[in-house]
Amino acid sequence: MTPDERGHVGRVVPVYAFTRGRTRAAGQELPLEAVVTTTGLSLNSGASLQMESRAIVEMCARPKSLAEVGAALRVPVGVARVLVGDLANGGYLEVHLPRTADGDGGPGHEILGRLLDGLRSR
Amino acid sequence: MDSVRVDSRRPPPPAGRELIPLKVLVAGGFGAGKTTFVGAVSEIPPLTTEQHMTSLSVGVDDTAMVPDKTTTTVAMDFGRITVDEQLILYLFGTPGQSRFWFMWDELAKGAVGAVILVDLRRIDDCFPAIDYFEDRELPFVIAANAFPGTEVFPDQAVRDALALPEGCPLVRMDAREPRSCMDALVALVEHALVRSLG
């Protein structure tokens, strides 16, 4: 295999193989910024996980967003979403969703205040 | 801390802690400095996420208006700032080409707001972004990115040229300078906070 101009080696297995042909995760659609972390039992019971799923569980020992997972695996976000959704359903990952003030709105003022304090202190 | 870059030795949040992700969009025309901005404040090297506009993609069943949806890939730069033990802020550079704007709704949902970068030599490029965020009543600030050789226009002239709504902050900045980008972010969050209280 020849690396492309960005040094990446071409993928032999089509991305849909990772998701066994499915395009939607069971459960809700995770936003790009949803953060995932490993649950305690993950790695010990992960013997039957496919390679990509194991990689996700391992990298999420430190918090990672769905977008970061996709970038690290070099797969489209949609593929990462399916894999992460399955791992969360299987109890391997904990998902931290954004908290919005009202439905589709942005974060509430309490969180915005903390964000402001945090950015100002830099 | 003098630097706006986060200390990479900062310990990861302990397992079991509840984390709260947040996001800010970095918008503006092609070449306005979106990637530079994200790179200047991110604690990780900026990453690129791809959304394939194919039948494989999740949630794009309603994009039949995109003629070549079987081949299109939309790439977005993004970065991260760990704000405190619970808050993690993600910065997403929006896709620059207007025909990918259907993606913005997913990006914009739940966002703190947007920093709209403006190259004052080409202000027309940022009108679509301003229209978009005004329509959706999402907080935004205008960040006039100082490109070398740009004529200095007074604030009011810039506000008039952009037809900025009253109260919308206008900041002068240099996207190559982390401190300058952080100041623009602070201006956005201040603005969003005031609006959330109103």
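Residues numbered from 1 in each chain as written. Chains lettered and ligands numbered in written order. Predicted model: local features only at pLDDT ≥ 70, side-chain atom pairs only at ≥ 80, totals over all residues. Heavy atoms only, no water.

Q: Outline the overall build of chain A, supporting the account with residue identities and numerical values.
A: Counting its secondary structure elements, chain A contains five helices and three strands. Taking all 122 residues of chain A together, 46% fall into the buried category. A separation of at least 24 residues holds for 68% of the contacts in chain A among residues at least 6 apart in sequence. Within the structure as shown, chain A displays about 6000 Å² of accessible surface, and the carbon and sulfur contribution to it stands at 52%. (Helix = DSSP H or I, 4+ residues; strand = E, 2+ residues; numbered from the N terminus. Buried < 20%, exposed > 50% of the residue type's maximum accessible area, 1.4 Å probe, protein only. Contact = heavy atoms within 4.5 Å. Areas by Shrake-Rupley, 256 points an atom, 1.4 Å probe, with all protein chains shown as cover.)

Q: Help me get a handle on the nonpolar core, residues and values and all.
A: Counting 58 residues, the largest nonpolar core has A:Ile56, A:Val69, B:Ile116, B:Phe133, B:Phe140, B:Ile142 and B:Leu162 as its most contacted members. Excluding residues within four positions of it along the chain, B:Phe133 makes contact with B:Leu25, B:Ala27, B:Trp104, B:Ala114, B:Ile116, B:Leu138 and B:Phe140. Residues A:Leu116, B:Leu22, B:Val41 and B:Val83 belong to the second largest nonpolar core, which totals 37 residues. (Core = buried A, V, L, I, M, F, W, Y, C linked by side-chain atoms within 4.5 Å.)

Q: Give a description of the packing of helix H5 (residues 109-120) of chain A against helix H5 (residues 178-197) of chain B that names residues and reports values.
A: When two helices pack together, their arrangement is captured by the angle between the axes and the distance separating the axes. Contact geometry of H5(A) with H5(B) gives a least axis separation of 9 Å together with a crossing angle of 160°. Put simply, H5(A) runs roughly antiparallel to H5(B). Judged by the sense of rotation from one axis to the other, the crossing of H5(A) with H5(B) is left-handed. Seen from H5(A), the contacting residues are A:His109, A:Leu112, A:Gly113, A:Leu115, A:Leu116, A:Leu119 and A:Arg120; seen from H5(B), they are B:Met182, B:Leu185, B:Val186, B:Val189, B:Glu190, B:Ala192, B:Leu193, B:Ser196 and B:Leu197. Per-class residue counts for the contact of H5(A) with H5(B) are eleven nonpolar, three polar and two charged. (Axes fitted to C-alpha atoms, helices over the stretch in contact; angles between N-to-C directions. Parallel < 35°, antiparallel > 145°, perpendicular 65-115°, else oblique. Left-handed = near helix turned anticlockwise from the far one by under 90°. Nonpolar A, V, L, I, M, F, W, Y, C, P; charged D, E, K, R; others polar.)

Q: Quick one: what's the story with the side chain of B:His191, residue by residue and with numbers?
A: Mapping B:His191 onto the fold places it in helix H5. Those residues in contact with B:His191 that sit more than four places away from it in its chain are B:Pro139, B:Phe140, B:Val141, B:Gly167, B:Cys168 and B:Pro169.

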